[in-house]
Amino acid sequence: MVKAMVVHEVGGPEVMKWEDVELKEPKEGEIRVKNTAIGVNFIDVYFRKGGYKFPLPFVPGREAVGVVTAVGPGLTGLETNVVVPVPPSIDHKVVAAVLMKGMTAHGLVRRCFKVERGHTVLVHAAAGGVGSLLCQWANALGATVIGTVSSEEKAAQAAEDGCHHPIIYTKEDFVERVNKITSGKGVNVVYDSVGKDTFKGSLQCLALRGYMVSFGQSSGSPDPIALSDLAPKSLFLARTSLMHYTATHDELLEAAGEVFITLPLECFSCSDQPHIPLVRGSPCPC
Ligand SMILES: NC(=O)c1ccc[n+]([C@@H]2O[C@H](COP(=O)([O-])OP(=O)(O)OC[C@H]3O[C@@H](n4cnc5c(N)ncnc54)[C@H](OP(=O)(O)O)[C@@H]3O)[C@@H](O)[C@H]2O)c1
C-alpha cells in the first residue's frame, strides 16, 4: 500500500482525500515510476472541479519526475508517449516544476505563433507558472514583452522574468495601457490563459493581422464571439493544447529538449555562446 490524494467526487479542495491505494502491476503500454518530485498545474484544478472530465475516482497530477521501476507488456523502454529522459544535470524539483509549463510555452512561442526579434507580445498571468516562462522565452527571442498581473509583487516578479512592461490590471485598464505602450499599434500576439475576464480586451490589444492565442480559462470560458469580430483587423484566432503540440513521441522529445537543453540564441549569462539555459539557476551548457 502507498498513500495518494484521491478524488471521488468533483468539487472544492475538500474533495481531495489522502488515502491508502494499492499499486498494481503496469498493464500493456504502461510503466510504473517511483516519483522523486511532482509538479502542480492549473489543469489539476480543472479536473478536480469537473470542468475537464476524468473518470472517478482519480488521483490528480499530470507531471512528475522519477525512476522507472516497472515496464508493462509491449514496451521496452521510454517509447511510451508521455515519458521523456531528463538530463542528469538538472535538479528533479526544477524538472517537475517546469517541464509541462515549459513545453506549453514552447508550443506557444516556437510553434503556434513564432516569436521573433522586433515583435511585441502580451502575456496574461505574467507571473504565473506558464506566464513567467513565456516572459523569459519571448524576451530571449528578442520580443518586447508586456504582461498583466494582479499585484505589485507579481509585477516585480514578471519584470525579473523579462517582462518589459508589467501592467497591474487591478489598478489600470490593460487595454488602454497596451495602447499607450505600443503607440496605438497594438501587439503582434496575445497569449491568453485567463479567458473570460480578458478575452475581449485581448482582441482589442492586437495589431493588424495579430494572433489571438487562447490556451486556458483560469477565470472561466470566454464568451462566444462572431467570426466577423476578427474581420476589422484580419485577426487570427487559435485555441491551443499542449497535447496537440506533443502528439508524437518525436514532438514530445523536441519540446522537452528545447525546454531543458538549448535554444539557438544568446545565452542569458554567456553572451559569446549561442544558447540559452531557459530555467534560471539550471546549469548553463556553455
Ligand atoms: N493549453 C494548454 O495546453 C495548457 C497547458 C498548461 C497550462 N495551461 C493554462 O495556463 C494557465 C496557467 O496555468 P499555470 O499552471 O501556469 O497556473 P498559474 O499561471 O500559476 O495560475 C493562474 C494565474 O492566472 C491568473 N488569474 C487571473 N484570473 C484568475 C482567476 N479568476 N482564477 C485563477 N487565476 C486567475 C492569476 O494570476 P494574477 O494573480 O496575476 O491574475 C493566477 O496566478 C491555466 O489557465 C492553464 O489551464 C494550458
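Residues numbered from 1 in each chain as written. Predicted model: local features only at pLDDT ≥ 70, side-chain atom pairs only at ≥ 80, totals over all residues. Heavy atoms only, no water.

An unreviewed UniProt entry annotates the protein chain as Probable quinone oxidoreductase of Dioscorea zingiberensis. Per UniProt, the protein chain carries the Subunit (unreviewed entry) text "Homodimer." (UniProt positions renumbered as here; feature names shortened; annotations may be inferred.)

Draft legend 1. View of the packing of helix H2 (residues 92–112) against helix H3 (residues 129–140). Close contact between H2 and H3 brings their axes to 9 Å; oriented N to C, the two are set at 50°. When the interaxial angle is binned, H2 and H3 end up oblique. Between H2 and H3 the crossing geometry is right-handed. Residues Val98, Lys101, Gly102, Thr104, Ala105, His106, Leu108, Val109 and Arg110 of H2 form the contact with H3, whose participating residues are Gly129, Val130, Leu133, Leu134 and Trp137. Taken together, the residues that form the contact of H2 with H3 break down as 8 nonpolar, 4 polar and 2 charged. (Axes fitted to C-alpha atoms, helices over the stretch in contact; angles between N-to-C directions. Helix = DSSP H or I, 4+ residues; strand = E, 2+ residues; numbered from the N terminus. Parallel < 35°, antiparallel > 145°, perpendicular 65-115°, else oblique. Left-handed = near helix turned anticlockwise from the far one by under 90°. Contact = heavy atoms within 4.5 Å. Nonpolar A, V, L, I, M, F, W, Y, C, P; charged D, E, K, R; others polar.)

Draft legend 2. Structural detail: the pattern of salt bridges. Within this structure, the stated rule accounts for 8 salt bridges. Put simply, arginine 177 and glutamate 172 hold a salt bridge, and the shortest N to O gap is 3.0 Å. Note on glutamate 172: relative accessible area 31%, which makes it partly exposed. Notably, a salt bridge pairs lysine 196 with aspartate 223, separated by 2.8 Å at the nearest N-O pair. Here lysine 196 is found in the loop between strand E8 (187–192) and helix H6 (199–205), whereas its partner aspartate 223 is found in the loop between strand E9 (206–214) and strand E10 (236–239), with 27 residues between them in sequence. (Salt bridge = Lys/Arg side-chain N within 4 Å of Asp/Glu carboxyl O. Buried < 20%, exposed > 50% of the residue type's maximum accessible area, 1.4 Å probe, protein only.)

Draft legend 3. H3, seen in detail. Here H3 contains 12 residues, and its C-alpha end-to-end distance of 17 Å stays within 8% of the 16 Å for a straight helix at 1.5 Å per residue. When you tally the buried positions in H3, you get 10 out of 12 residues, the bulk of the element. For H3, the set of buried residues is Val130, Gly131, Ser132, Leu133, Leu134, Cys135, Gln136, Trp137, Ala138 and Ala140. Those residues of H3 that are buried lie in contact with H2, strand E5 (120–123), strand E6 (144–149), E8 and helix H8 (249–260). Positive backbone phi, approximately 100°, marks glycine 142, located one or two places after H3. (Expected span 1.5 Å × (residues − 1).)

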